[in-house]
Amino acid sequence: MRPFNCNESPLKQAVLDGLNLLSNEIKQSIHLLNNGEDNCILCNLESIKDTLNHIESVAGSFYLKCYLANYTDKFEEIATCMEKLSAQRIGALIVIEREDPLDQLIQKGTDIGAILTPALLESIFYPGSPLHDGAVLIRQNKIISAANFLPMATEIFEGSKFGARHRAAIGLTEHSDALVLVVSEETGKISFALNGNLYPIQTMN
């Protein structure tokens, strides 16, 4: 795999800048609250929430790149594909195999065995494609198979709006160290699952 230095990523600086901004916003709210009952901080709290959501998204992008870099040289190509699918609100489920073998955890679909390219990856998920249902399995720089089915999450997410793709992504990562990328068909939002948790990531849209 190509060496990738997470410490030199501009996304890391963006996360640090966001955290510093968040710290200043919190300090300002504390100052206002301590200096008079007439100072309503509800607007400040709304801004803090927006800032925190943005930081979470940028941090997701940062850690995703760091997590992928050790297991595939194609992380830039994968990111390009996810952006395009997100812009078109085309649902997608992409599994990146890491240390744990996944053959016994997934219901295998159709063998592909081709070097990963954005065009090939996108074409699999286009509506009407015979392979668009299910997950793509990526091992290092190759698309191993498509139309795979993953184990669903064991936890019941009360009141959540997680669809089948998100629950499948969480389910596989409850049982392995795989990293699973999801594009929501409804919103176009991108997230990734790792260790049974789901994280949003920043998009250009």
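Refer to the structure printed above.
What counts, and at which threshold
- Residues numbered from 1 in each chain as written.
- Predicted model: local features only at pLDDT ≥ 70, side-chain atom pairs only at ≥ 80, totals over all residues.
- Heavy atoms only, no water.
- Pairing = 2+ DSSP bridges.
- Helix = DSSP H or I, 4+ residues; strand = E, 2+ residues; numbered from the N terminus.
- Axes fitted to C-alpha atoms, helices over the stretch in contact; angles between N-to-C directions.
- Expected span 1.5 Å × (residues − 1).
- Buried < 20%, exposed > 50% of the residue type's maximum accessible area, 1.4 Å probe, protein only.
- Contact = heavy atoms within 4.5 Å.
- Core = buried A, V, L, I, M, F, W, Y, C linked by side-chain atoms within 4.5 Å.
- Left-handed = near helix turned anticlockwise from the far one by under 90°.
- Nonpolar A, V, L, I, M, F, W, Y, C, P; charged D, E, K, R; others polar.

*Asks:* Whenever I open this one, the sheet that holds strand β3 (residues 135–139) confuses me. Can you help?
*Replies:* By definition, the strands of a sheet pair up through backbone hydrogen bonds, in either a parallel or an antiparallel sense. Strand order across the open sheet formed by 7 strands is β2-β4-β3-β1-β5-β6-β7, with mixed pairing between neighbours. A strand with exactly one partner marks an edge of an open sheet, and here the two such strands are β2 (110–115) and β7 (197–200). Strand-to-strand, the axes of this sheet are offset by a mean angle of 25 degrees, without reference to chain direction. Judged from the 4 bridges that link them, β2 and strand β4 (residues 142–148) form a sheet pairing that is antiparallel.

*Asks:* I tried to follow helix α5 (residues 164–175) on my own but got confused; where do I start?
*Replies:* Residues spaced three or four apart along an α-helix point in a common direction, a consequence of the helix completing one turn every 3.6 residues. For α5, with 12 residues, the first-to-last C-alpha span of 17 Å sits near the 16 Å given by 1.5 Å per residue. For α5, the complete set of buried residues consists of His-166, Ala-168, Ala-169, Ile-170, Gly-171, Leu-172 and Thr-173. Buried positions along α5 lie against β1 (92–96), β5 (179–183), β6 (190–194) and β7.

*Asks:* So what exactly am I meant to see when it comes to the nonpolar core here?
*Replies:* Looking at soluble globular proteins, one finds that nonpolar side chains tend to be buried together. Among the nonpolar cores identified, the biggest contains 29 residues, and Leu-121, Phe-125 and Ile-138 are the most heavily contacted of them. Broken down by secondary-structure element, the contributors of at least two residues to this core are α2 (42–69), α3 (75–87), β1, α4 (118–125), β3, β4, β5 and β6. Looking at this core element by element, the count peaks at 5 residues for α3. Residues within four places of Leu-121 in sequence aside, it is in contact with Ile-78, Cys-81, Ile-94, Leu-116, Val-136, Ile-138 and Ile-143. Listed in part, the 15 residues of the second largest apolar core include Leu-93, Leu-102, Leu-137 and Ala-178.

*Asks:* Would you mind going over the packing of α3 against α4 with me for this structure?
*Replies:* Think of two packed helices as two axes; the pair is described by the angle between the axes and how far apart they sit. Viewed as axis vectors pointing N to C, α3 and α4 meet at an angle of 40 degrees, and their least axial separation amounts to 9 Å. Two packed elements cross with a definite hand, and for α3 against α4 that hand is right-handed. In contact with Glu-77, Ile-78, Cys-81, Lys-84 and Leu-85 of α3, α4 contributes Pro-118, Leu-121, Glu-122 and Phe-125. The class makeup of the residues in the contact of α3 with α4 is 6 nonpolar, no polar and 3 charged.

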